[in-house]
Amino acid sequence: MSTPPRDERDYFERIYTVTAQVPPGQVATYGDIAAIVGDGCDARVVGHALGALGARADSVPWQRVINRTGGISTSGYGQREALEAEGVTFDERDHVRMASHHWTGPSETWARAHGFQPLPPREVKTPDAQLKLF
């Protein structure tokens, strides 16, 4: 069992470890990462951690972490372009198509072996009536 984080910097390292598990072409929300890290981590801490990457931004796939509605929360250049280069698609509101790209989280085996929590299953949303025609 892992030792609970002592301060925000300990959370940062755990956040970076989890973020590195998000595969190319998929995205996770700040809340997803916080839920996997557990131990009182929240979406704000995930945002602070990713904002503090500095030179590590080349090795941690920060671009794969977005807000809960599928929007890009960063004001910096390049997140959308990096996601599109990985095959992530966006809708007419410039939000990631979450039904296609939302990561389901690490395997329970990986999560437990590394002192994290698996994500609980998500509710499957019914597509709107327009999409049922096809």
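1. As for unusual backbone geometry
And then number 1: Although it is not a glycine, Asp39 adopts a positive phi angle of roughly 50°.
And then number 2: Relative to the helices and strands, Asp39 resides in the loop between helix 2 (30-37) and helix 3 (43-51).
And then number 3: Backbone geometry places Asp94, a non-glycine residue, at a positive phi of 65°.
And then number 4: The residue Asp94 is located in the loop between helix 4 (79-85) and helix 5 (98-101) in this model.
And then number 5: On the accessibility criterion, Asp94 (46% relative accessible area) is partly exposed.

2. Observations regarding the packing of helix 2 against helix 3
And then number 1: Contact geometry for helix 2 and helix 3: axes closest at 8 Å, N-to-C directions at 105°. When the axes of helix 2 and helix 3 are compared, the pair comes out roughly perpendicular. Between helix 2 and helix 3, the residues in contact are Tyr30, Gly31, Ile33 and Ala34 and Ala43, Val46, Gly47 and Leu50, respectively.
And then number 2: Here the residues of the contact of helix 2 with helix 3 sort into six nonpolar, two polar and no charged.

3. Things to note about the pattern of salt bridges
Note on pairing: side chains with opposite charge can pair once their charged atoms come close.
And then number 1: All told, the structure shown has eight salt bridges when counted by the stated rule.
And then number 2: Measuring nitrogen to oxygen at the nearest pair gives 2.8 Å for the salt bridge that ties Glu86 to Arg64. A residue pair is termed long-range when its members are at least 10 positions apart, and Glu86 in the loop between helix 4 and helix 5 and Arg64 in the loop between helix 3 and strand 2 (65-66) qualify at 22 residues.
And then number 3: On the basis of relative accessible area, Arg64 is assigned to the buried category, the value being 10%.
And then number 4: For Asp91, the salt bridge goes to Arg93, with nearest N and O atoms at 3.5 Å.
And then number 5: Classification of Arg93 as exposed rests on a relative accessible area of 53%.
And then number 6: Here the salt bridges share partners, and the residues they tie into one network are Arg80, Glu84 and Asp94.

4. Side note on the environment of Thr19
And then number 1: Note on placement: Thr19 falls in helix 1 (residues 8-19).
And then number 2: What makes Thr19 buried here is its relative accessible area of 0%.
And then number 3: Considering only alpha carbons, one finds Thr19 and Arg64, 45 residues apart in sequence, at a separation of 7.8 Å.
And then number 4: Not counting the four nearest positions on each side in its chain, Thr19 is found in contact with Ile33, Leu50, Val60, Pro61, Trp62 and Val65.

What counts as what
Residues numbered from 1 in each chain as written. Predicted model: local features only at pLDDT ≥ 70, side-chain atom pairs only at ≥ 80, totals over all residues. Heavy atoms only, no water. Helix = DSSP H or I, 4+ residues; strand = E, 2+ residues; numbered from the N terminus. Buried < 20%, exposed > 50% of the residue type's maximum accessible area, 1.4 Å probe, protein only. Axes fitted to C-alpha atoms, helices over the stretch in contact; angles between N-to-C directions. Parallel < 35°, antiparallel > 145°, perpendicular 65-115°, else oblique. Contact = heavy atoms within 4.5 Å. Nonpolar A, V, L, I, M, F, W, Y, C, P; charged D, E, K, R; others polar. Salt bridge = Lys/Arg side-chain N within 4 Å of Asp/Glu carboxyl O.

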